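An overview of the molecular structure
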Amino acid sequence: MKRKKRLYLLGDVLGILGAIVVFIVPFVFMLVNALKERREANLLSIGLPKETHWENFIEVFKANDYQILTAFKNSGLLVVGSVLILIVVGSMGGYVLQRRKDSVMGVMNSLIMAGLMVPAAILPTIWVLQKLHLYKTIGGMIMVEVALQIPFTIMLFRGFMSSIPIELEEAGYMDGCSRWKIFTTIIFPLLKPVTSTVIILNAVTIFNDFTNPLYFLPGSENATVQLTLYNFMGQYSSSYNMLFADVILITVPMLLLFIFFNKRIVDGMVAGAVKG
């Protein structure tokens, strides 16, 4: 028994050390170099700066006529719009797929789950967005993000829905509730754990998305936070302190969100794993 406890303890220690090496050390490396002057930062040392230069972050904010503020605005609109649509559509889709058991729903479920494996086609998507006059717009980019994240979102909602007793809906029907009222007043309030998971996971994924905005939302006025790093690579290719300062600024918001709500993520993902 003692030997098993020691093995568990050893596994925990190794896990913590691995997390420190993989996550904390790179973040500390970026932070200390972001606070150095240009020549010292270009040495790429993890040592503390000889003199702290907090003005590097102010310089990043001022760069390209305060482009990073525009980028945060664009990313904020993109995240909020996409997540709201994903919650509404995903919860409704998961509810229908879980409650209806027929061949049509089986086909629909297969098509939705195929979206987890089939990658987005760049050129056809651009063509569709151009025909809809949504290319290079936040609205068009929201549609792309929703289409990419909806299969996983529906899967989470459907898995959680299986843990909600159907007797609650039957009681609602007996009280004269419509299906819409049952969903909005009985079912949806019970989805808070998985809704928190959907919000956090999708917010982090969409906020950190680089490739899709690069293809579907070009233009300096449409820049997202991840694209600012791409722009800075050319402007500050020899100034690693500025590059690392930008990385810190665009990393911290979602990092804090993930740290504070990490427990909600786990709870929401495993809540529907076992039907009660």
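Residues numbered from 1 in each chain as written. Predicted model: local features only at pLDDT ≥ 70, side-chain atom pairs only at ≥ 80, totals over all residues. Heavy atoms only, no water.

Digging into the pattern of salt bridges
Pairs can form between side chains of opposite charge whenever their charged atoms are close. The cut-off we apply is this: What makes a salt bridge here is a side-chain nitrogen of Lys or Arg within 4 Å of a carboxyl oxygen of Asp or Glu, nothing more. Only DSSP runs of H or I reaching four residues or more are called helices, and only runs of E reaching two or more are called strands; each is numbered from the N terminus. Summary of the burial criterion: residues with accessible area below 20% of their type's maximum are buried, those above 50% are exposed, and those between are partly exposed, where the area comes from a 1.4 Å probe applied to protein chains only.
Across all of its chains, the model carries one salt bridge by this definition. For the salt bridge of Arg99 with Glu169, the shortest nitrogen-to-oxygen distance reads 2.4 Å. Of this pair, Arg99 sits in helix H3 (residues 55–99) while Glu169 sits in helix H7 (residues 167–174), placing them 70 residues apart in sequence. Take Arg99: its relative accessible area is 22%, and that puts it in the partly exposed class. Its relative accessible area of 4% is what places Glu169 among the buried residues.

Concerning the domain arrangement of the protein
We apply this condition: For every domain, the bounds stem from an assignment made automatically or drawn from a database. The contact rule is simple, with two residues in contact once any of their heavy atoms fall within 4.5 Å. When two parts are brought into contact, each loses some accessible area as probed by a 1.4 Å sphere; the total of that loss over both is the buried area. Under the rule applied, a polar contact is a pair of N or O atoms within 3.5 Å (in protein, one hydrogen donor and one hydrogen acceptor; residues adjacent in sequence only if both atoms are side-chain atoms).
Here the domain parsing of the protein yields domain 1 (1–52) and domain 2 (64–274). Taken together, the contact pairs 12 residues of domain 1 with 10 residues of domain 2. Together, Phe27, Met30 and Arg38 form the three largest contributors to the area buried by domain 1 at its contact with domain 2, with a combined 47%. Applying the counting criterion to the domain 1 and domain 2 interface returns two residue pairs in polar contact (both at pLDDT 80 or more).

Here we look at the side chain of Ser82
Examined against the element boundaries, Ser82 turns out to sit in helix H3. Here Ser82 falls in the buried class, since its relative accessible area comes to 0%. Engagement of the side chain of Ser82 in a polar contact is seen with the backbone oxygen of Leu78, the distance being 2.7 Å. Excluding residues within four positions of it along the chain, Ser82 makes contact with Ile142, Glu145, Val146 and Ile206.

Quick look at the layout of surface pockets
The line we're drawing: A pocket here means an open set of points on a 1 Å grid, computed over the protein atoms alone, that has protein on both sides within 12 Å along at least five of seven lines. A cavity is instead a set of points where a 1.4 Å probe fits but cannot get out; residues with an atom within 4 Å of a point line either one. Grid points are joined across faces, edges and corners, and a volume is the space filled by probe spheres set on the points. Here the nonpolar group is Ala, Val, Leu, Ile, Met, Phe, Trp, Tyr, Cys and Pro; Asp, Glu, Lys and Arg are the charged ones; every other residue, Gly included, is treated as polar.
Counted as a void, the largest pocket has a volume near 340 Å³. Forming the walls of the largest pocket are 17 residues, and the residues nearest its centre are Ala120, Thr125, Val144, Ala147 and Leu148. Elements that contribute at least two residues to the lining of the largest pocket include exactly helix H5 (122–131) and helix H6 (138–161). The dominant element in the lining of the largest pocket, judged by the number of residues it contributes, is H6, at five residues. For the lining of the largest pocket, the residue count by class is 15 nonpolar, two polar and no charged.

Structural notes on the UniProt feature "transmembrane region" (unreviewed entry) in the protein
Which entries qualify depends on this criterion: UniProt positions are given in the numbering used here, feature names are shortened, and annotations may be inferred rather than shown by experiment.
Here the UniProt-annotated "transmembrane region" (unreviewed entry) positions come out as residues 7–32, 76–97, 109–129, 141–161, 182–207 and 240–261. As a span, residues 141–161 carries 100% helix and 0% strand, and end to end its C-alpha atoms are 29 Å apart.

Side note on the nonpolar core
This is how it is decided: As used here, the term nonpolar core means buried Ala, Val, Leu, Ile, Met, Phe, Trp, Tyr and Cys residues forming a set that is joined through side-chain atoms within 4.5 Å.
Among the nonpolar cores identified, the biggest contains 57 residues, and Phe57, Val60, Ile187 and Leu191 are the most heavily contacted of them. Looking at which element gives the most residues to this core, the answer is H3, with 12 residues. Looking at this core, you find at least three residues from each of domain 1 (1–52) and domain 2 (64–274).

A look at unusual backbone geometry
Despite not being glycine, Leu44 has its phi angle at roughly 55°, a positive value. With respect to the helices, strands and loops of the structure, Leu44 is situated in the loop between helix H2 (38–41) and H3. Among the residues examined, Leu44 registers a relative accessible area of 40% and is labelled partly exposed. Positioned with a positive phi, Lys136 is a non-glycine residue whose angle comes to about 65°. You can see Lys136 is positioned in the loop between H5 and H6.

Structural notes on the packing of aromatic side chains
We apply this condition: Ring pairs shown here join Phe, Tyr and Trp side chains whose ring centres sit within 6.5 Å, with only the six-membered ring taken for Trp; geometry is labelled stacked below 30 degrees between planes, edge-to-face above 60, and tilted in between.
One pass over the full model with this rule turns up seven aromatic pairs. Here the aromatic rings of Tyr95 and Phe183 are separated by 5.3 Å at their centres, their planes lie at 50°, and the arrangement is tilted. Of this pair, Tyr95 sits in helix H3 while Phe183 sits in helix H8 (residues 179–187), and the two are 88 residues apart along the sequence. By the burial criterion, Tyr95 is buried, and Phe183 matches it. Judged by centre distance (6.1 Å) and plane angle (50°), the rings of Phe183 and Phe188 are tilted. On the basis of relative accessible area, Phe188 is assigned to the partly exposed category, the value being 31%. The structure contains a cluster of three or more aromatic residues connected by ring pairs, namely Phe29, Tyr240 and Phe244.

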